[in-house]
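Observations on the model geometry
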Amino acid sequence: MSLDCGRKPEYLQLSHTYPTLFFQDQYLDKFFALVHALDEHVFPVRIGDMRIMENNLETELKSSIAALNSAQLEPVVRFLHLLLDKLVLLVVRPPVIAGQIVNLGQASFEVMASVVNRLHKYLDTSQDMHGRNSLLSSYIHYVFRLPSTDPSSSSPGPGGLGGSVHYATMARSAVRPASLNLSRSRSLSNSNPDISGTPTSPDDEVRSIIGSKAMERCGNRMSSHTESASFLQTLTGRLPTKKLFHEELALQWVVSSGSVREGALQQAWFFFELMVKSIIHHLYFTERLESPRKNRFPERFMDDIAALVSTIAGDIVSRFQKDLELVERINTSLAFFLNDLLSVMDRGFVFTLIKTYWKQ
């Protein structure tokens, strides 16, 4: 895919005008209409004969995100970069609907994994020598930028970096929610951390223990954020909704399960490269490239990376006799990811990841 630097691509030209367009697909049309209503806080939203008020916007938005799996492939391809930009934005800037924060990170990650796999499956002739879809690769290389996490920012478009850029992660609660006080020796349900299950094998038990650490953190961060939201809104008049994309991407990947986890694993290269670019942009724009490597990232993010590498290593081992081609792709993607991390993270930590992978 070639890009003419002298002409603004169509998907960038549309970044400010999409509310007036019909996206040639009812599912895309509804999703973008609802996102625009959130951006502009314009209610009610009229979609055909449907009239959506703010009090039922959360339900409609969640259903529209899930329904993107049913969108026709041709309009998805045409507006892919705009669609991915909006999904990324929903991950780092949870919308505030009727005064309540609506966490759409998991739903956005699930749809992203589904869209990426559909493109890989149906556009298999548009792949490079490493099996990467050229459309997705061009999005990472040419289009993806850290979105501004400040709703009042003057950034140009969903992925813009104009104006002042500020980042902050959600605070963790000092007290763990009672619902997550589960013993490390017990397995957790992949779909619900409050439901215990029986591990089917020692390997499953080990993976559940590793995964529970990320689950605990996810619960802590959201609990702390929700508990303090009303107080902070009283002080500032605005709810805190700031996240870092690479941290949320790692977290959602670690706690994913079922078809979502399988989809992300199938196209691991895409999420690894997206994560690396987010990391590097964050270090650059926060002027941390010259800071000591050990001080660049919070412990929770490094824990998620360690859990992710360990889990993927287990997948490689378990699938070696079943799908050698997939194993080779995953292994190569993971190798390039670790190689990239050597340039930005504490190298002792990265070598520990390599050691863990080698032992497994």
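Every chain is numbered independently, its residues counted from 1 as its sequence is written. Thresholds applied to this predicted model are a pLDDT of at least 70 for local features of residues and 80 or more for the giving and counting of side-chain atom pairs; totals over whole chains, interfaces and linings are not thresholded and use all residues. Side-chain descriptors were evaluated using all non-hydrogen atoms of the structure, hydrogens and water having been removed beforehand.

An unreviewed UniProt entry lists the protein under the name Dedicator of cytokinesis protein 7, with Ilyodon furcidens as the source organism.

Observations concerning the overall build of the protein
Numbered from the N terminus, helices here are DSSP runs of H or I no shorter than four residues, and strands are runs of E no shorter than two. Scanning the protein from terminus to terminus reveals 14 helices and six strands. Relative accessible area decides the class of each residue, using a 1.4 Å probe on protein chains only: under 20% of the type maximum gives buried, over 50% gives exposed, and in between gives partly exposed. Counting only residues that meet the buried cut, the protein has 48% of its 360 residues in that class. Contacts in the protein between residues at least 24 apart in sequence constitute 71% of all its contacts with a sequence separation of at least 6. Whether two residues are in contact is decided by their heavy atoms, any of which lying within 4.5 Å being enough.

Let's talk about the confidence of the model for the protein
pLDDT measures the predictor's confidence residue by residue and takes values from 0 up to 100. The pLDDT averaged across the protein works out to 75; a share of 67% of its residues lies at or above 70. For residues 149-211, every residue scores under 50 in pLDDT, and the model assigns this stretch 122 contacts once sequence neighbours within four places are set aside. The low-confidence segment residues 221-241 (pLDDT under 50) makes 43 contacts with residues lying over four places distant or belonging to another chain.

Describing the packing of aromatic side chains
Only the six-membered ring of Trp is used, alongside the rings of Phe and Tyr, when aromatic pairs are assigned; centres must lie within 6.5 Å, and planes under 30 degrees apart are stacked while those over 60 apart are edge-to-face, with the rest tilted. Following the criterion strictly, the structure yields 11 aromatic pairs and no others. Ring centres of Trp269 and Phe270 lie 5.9 Å apart, and the angle between their planes is 85°; this geometry places the pair in the edge-to-face category. With respect to burial, Trp269 and Phe270 carry one shared label: buried. Where Phe272 meets Phe337, the ring centres are 4.3 Å apart and the plane angle is 20°; that geometry is what we call stacked.

Quick notes on the environment of Gln252
Here Gln252 is to be found in helix 9 (residues 245-255). Take Gln252: its relative accessible area is 8%, and that puts it in the buried class. The spatial distance from the C-alpha of Gln252 to the C-alpha of Gly105 is 7.3 Å, given a sequence separation of 147 residues. When near neighbours in sequence (up to four residues on either side) are disregarded, Gln252 contacts Gly105, Gln106 and Phe109.

A short note on helix 13 (residues 324-344)
For a helix, the expected span equals 1.5 Å multiplied by the residue count minus one. Spanning 21 residues, helix 13 covers 31 Å between terminal C-alpha atoms, matching the ideal 30 Å at 1.5 Å per step. If you check which residues of helix 13 are buried, you get Leu326, Val327, Ile330, Ser333, Leu334, Phe337, Leu338, Leu341, Leu342 and Val344. Those residues of helix 13 hidden inside the fold are in contact with helix 10 (258-266), helix 11 (268-285), helix 12 (299-319) and helix 14 (347-359).

Section: the pattern of salt bridges
When a carboxyl oxygen of Asp or Glu lies within 4 Å of a side-chain nitrogen of Lys or Arg, that pair is called a salt bridge. Applying the stated criterion across every chain yields a total of eight salt bridges. A salt bridge links Glu273 to Arg132; the nearest nitrogen and oxygen atoms lie 2.9 Å apart. Residue Glu273 is found in helix 11, and its partner Arg132 is found in the loop between helix 6 (105-122) and helix 7 (134-143); the two are separated by 141 residues along the sequence. The class for Glu273 is partly exposed, based on a relative accessible area of 26%. Taken together, the shared-partner salt bridges in this structure form one network comprising Asp128, Arg132 and Glu273.

Side note on a nonpolar patch on the surface
Surface patches are defined over residues having more than 30% relative accessible area and no salt bridge, joining like charges when they lie within 9 Å and nonpolar side chains (Val, Leu, Ile, Met, Phe, Trp, Tyr) when within 5 Å. What sets the accessible areas is the Shrake-Rupley method with a 1.4 Å probe; for residues, cover comes only from the shown protein chains. On the surface, Tyr284, Phe285 and Leu289 cluster together to form a nonpolar patch covering roughly 290 Å² of accessible area. Looking at the element boundaries, Leu289 is found in the loop between helix 11 and helix 12. By relative accessible area, Leu289 is classed as partly exposed at 37%.

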